[in-house]
Amino acid sequence: MKKSLKTTIASVVIGANVIAGFSIASAVSEKEELKSNEVTFFGTPSSSISSSVAIPSSYGQLLFSGTVPPLLNKDGATTYERYGDTKTQAIGILKNLETQLKAKGLTLADVTYLRVYVVSDPNKGGKPDYQGWFDAYGQFFNTKENPIKTARSTVGVDSLVNSDWLIEIEAVVAYKNKNK
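The structure displayed is predicted, hence computed values, not measured ones. (Residues numbered from 1 in each chain as written. Predicted model: local features only at pLDDT ≥ 70, side-chain atom pairs only at ≥ 80, totals over all residues. Heavy atoms only, no water.)

1. Some remarks on the nonpolar core
With 22 residues, the main nonpolar core has Leu 114 and Trp 133 as its most contacted residues. Elements represented by at least two residues in this core include exactly helix H4 (86–103), strand S4 (111–118), helix H5 (130–140) and strand S8 (167–176). A total of six residues in this core trace back to one element, the largest contributor, which is H4. When sequence neighbours within four positions are dropped, the list of residues in contact with Trp 133 reads Thr 86, Ala 90, Leu 94, Leu 114, Val 116, Arg 152, Thr 154, Ile 167 and Ile 169. Of all hydrophobic cores here, the second largest spans six residues; its members include Tyr 83, Tyr 117, Leu 160 and Trp 165. (Core = buried A, V, L, I, M, F, W, Y, C linked by side-chain atoms within 4.5 Å. Buried < 20%, exposed > 50% of the residue type's maximum accessible area, 1.4 Å probe, protein only. Helix = DSSP H or I, 4+ residues; strand = E, 2+ residues; numbered from the N terminus. Contact = heavy atoms within 4.5 Å.)

2. Brief notes about the layout of surface pockets
The space that makes up the largest pocket amounts to roughly 150 Å³. Contributing to the lining of the largest pocket are Glu 98, Lys 102, Leu 106, Thr 107, Leu 108, Ala 109, Gln 139, Phe 140 and Asn 146. Every element with two or more residues in the lining of the largest pocket is listed here: H4 and H5. (1 Å grid on protein atoms, 1.4 Å probe; cavity = no way out; pocket = protein on both sides within 12 Å on 5 of 7 lines; lining within 4 Å. Points joined across faces, edges and corners; volume = space filled by probe spheres on them.)

3. Digging into the pattern of salt bridges
In the structure shown here, the tally under the stated rule is three salt bridges. Between Asp 75 and Lys 74 there is a salt bridge, with the nearest N and O atoms lying 3.6 Å from each other. Among the residues examined, Lys 74 registers a relative accessible area of 64% and is labelled exposed. Arg 82 is paired through a salt bridge with Asp 164; the nearest N and O atoms lie 2.5 Å apart. Here the residue Arg 82 occupies a position in helix H3 (residues 79–82), and Asp 164 occupies one in the loop between strand S7 (151–156) and S8, the gap between them amounting to 82 residues. With relative accessibility at 11%, the residue Asp 164 sits in the buried group. (Salt bridge = Lys/Arg side-chain N within 4 Å of Asp/Glu carboxyl O.)

4. Observations regarding unusual backbone geometry
Not every positive phi belongs to a glycine, and Asn 142 is a case in point at roughly 60 degrees. Locating Asn 142 in the fold gives a position in the loop between H5 and S7. The exposure class of Asn 142 is partly exposed, given its relative accessible area of 39%.

5. Quick word on H5
Within the sequence span of H5, burial applies to Gly 132, Trp 133, Ala 136, Tyr 137 and Phe 140. The arc that holds the buried residues of H5, viewed along the axis, is 135 degrees, so those residues lie on one side. At its buried positions, H5 is contacted by H4, S4, S7 and S8. Two residues or fewer past H5, Asn 142 is found with a positive phi of approximately 60 degrees. (Arc of directions from axis to C-beta.)

6. Focus on the packing of H4 against H5
In the contact formed by H4 and H5, the axes pass within 8 Å of each other and the chain directions differ by 35 degrees. Crossing of H4 over H5 shows right-handed handedness. Residue-level inspection shows Thr 86, Lys 87, Ala 90, Ile 91, Leu 94, Lys 95 and Glu 98 of H4 in contact with H5, the latter providing Gly 132, Trp 133, Asp 135, Ala 136, Tyr 137, Gln 139 and Phe 140. (Axes fitted to C-alpha atoms, helices over the stretch in contact; angles between N-to-C directions. Left-handed = near helix turned anticlockwise from the far one by under 90°.)

7. A look at H4
Here H4 contains 18 residues, and its C-alpha end-to-end distance of 26 Å stays within 8% of the 26 Å for a straight helix at 1.5 Å per residue. Considered for burial, the residues of H4 that qualify are Thr 86, Gln 89, Ala 90, Ile 91, Gly 92, Ile 93, Leu 94, Leu 97 and Leu 101. Looking at the buried positions of H4, the neighbouring elements they touch are strand S3 (59–67), H3, S4, strand S5 (120–121), H5 and S8. (Expected span 1.5 Å × (residues − 1).)

This is how it looks when you write it as structure tokens:
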């Protein structure tokens, strides 16, 4: 009786770990990965983002302030004409980020974390267009060209500095520090 109870408890514990999305072996593996000299992304293969990122001390970090969408048409009569919808604005921001990174000898593959602020879109029933943001993200990350899946937070906010802006993005970038 005691043996079968222990076996049952062990099965439940192991089963709970598998249901939770990890196993005891993978937890040990992740612990070892923290000792890596490379940037390490953690998470499930099915997710479009990483759940966490480890940046070793041999890397420097570059922090980008909130980046806003580029103006498309200063004479546009509507937000969409001036800046575009959420997806268009996000694509503009990510292209801008890509350009800024290139000037520093870096790429979007060096981005480790994004914090994204999305406001309500009057043309989407007054709700934030999260899907527009997710679609834009999917063009730049977790792709064949750039398999990096950043850690990321997406937050719905009441407003941004300019009422035409539907999205603002902050970024954390890690780069190999040649001084260490």
